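If you want the building blocks of each chain, they are given just below.
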Amino acid sequence: MSIDSLTTLLREVHQEVRTHRYTQALKIIRDAKIIDLHNIYLLALEQFVAVLPAPSAPGFSEERFAEDEQLLSLLIDRALSDRLRRDTRRSEGALVPDERSLSLEKIKNQYFQRADQFIEAKEFGRALEEIQRIFFFDPDNIVAKEYQQKIGQLAELNRKA
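Residues numbered from 1 in each chain as written. Predicted model: local features only at pLDDT ≥ 70, side-chain atom pairs only at ≥ 80, totals over all residues. Heavy atoms only, no water.

Lay out unusual backbone geometry with the relevant residues and their values.
Even without being glycine, His20 reaches a positive phi, approximately 65°. For His20, the position within the fold is in the loop between helix H1 (3-18) and helix H2 (22-35). (Helix = DSSP H or I, 4+ residues; strand = E, 2+ residues; numbered from the N terminus.)

Before we move on, can you summarise the environment of Glu123 with the specific residues and values?
You can see Glu123 is positioned in the loop between helix H5 (99-120) and helix H6 (124-137). Taking the C-alpha atoms as reference, Glu123 lies 9.7 Å from Ile151; in sequence the two are 28 residues apart.

I'd love a proper account of H6, names of residues and values included.
Helical geometry note: an α-helix holds 3.6 residues per turn, so side chains three or four residues apart project in the same direction. Turning to H6, its buried residues are Phe124, Ala127, Glu130, Ile131, Ile134 and Phe135. Across the axial projection of H6, the buried residues extend over an arc of 160°, all falling on one side. Elements in contact with the buried residues of H6: H5 and helix H7 (142-160). (Buried < 20%, exposed > 50% of the residue type's maximum accessible area, 1.4 Å probe, protein only. Arc of directions from axis to C-beta. Contact = heavy atoms within 4.5 Å.)

Break down the packing of H6 against H7 for me, with residues and values.
Put simply, H6 and H7 touch, their axes get as near as 10 Å, and they point 170° apart. Considered as vectors, H6 and H7 are oriented roughly antiparallel to each other. Counted together, Phe124, Ala127, Leu128, Ile131, Gln132, Ile134 and Phe135 of H6 and Ala144, Lys145, Tyr147, Gln148, Ile151, Leu154, Ala155 and Asn158 of H7 form the full contact between these two elements. Split into classes, the residues belonging to the contact of H6 with H7 amount to eleven nonpolar, three polar and one charged. (Axes fitted to C-alpha atoms, helices over the stretch in contact; angles between N-to-C directions. Parallel < 35°, antiparallel > 145°, perpendicular 65-115°, else oblique. Nonpolar A, V, L, I, M, F, W, Y, C, P; charged D, E, K, R; others polar.)

A description of empty space enclosed by the protein should follow, citing residues and the corresponding values.
Enumeration according to the criterion identifies one cavity of 30 Å³ or more in this entry. As a volume, the largest cavity reaches approximately 30 Å³. As for the largest cavity, its lining consists of Tyr22, Leu52, Pro53, Gly59, Phe60, Ser61, Arg64, Phe65 and Asp68. For the lining of the largest cavity, the leading source of residues is helix H4 (residues 62-90), giving three residues. (1 Å grid on protein atoms, 1.4 Å probe; cavity = no way out; pocket = protein on both sides within 12 Å on 5 of 7 lines; lining within 4 Å. Points joined across faces, edges and corners; volume = space filled by probe spheres on them.)

Read these as geometric descriptors, not functional statements.
So, in structure tokens, the structure goes:
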């Protein structure tokens, strides 16, 4: 993936967050992570977007959203800078991600996508099952843990409604 492709994807992420379409933003981030596995800022960006409160959530406010948007911009800038730094180093002989790592990221991405589909269908139990499959490959996956919490919260809100 070129730096231009990453820039395009991260612009899309920023636009999706601005319009509160966090699920779509997470899908785009995961696509970027598959191609740029070693970008720690993409991981931080994914974790950040995963916990953003929806406009209908009790913790949401326009002031907080403005602050979150500034942090989002900073994470995006850092992700792009990290990519540039590593591209420079790669031209000097650094390693490229191996096939196994790419395959595992693709599998985890599929589980996240299926979980998103189940969430949209309000099948929270099935969404949790998909997230738990990620722990088989990556027991310490922070994003999956955050997803579990978010699914629990959504299930609780759905029960109260």
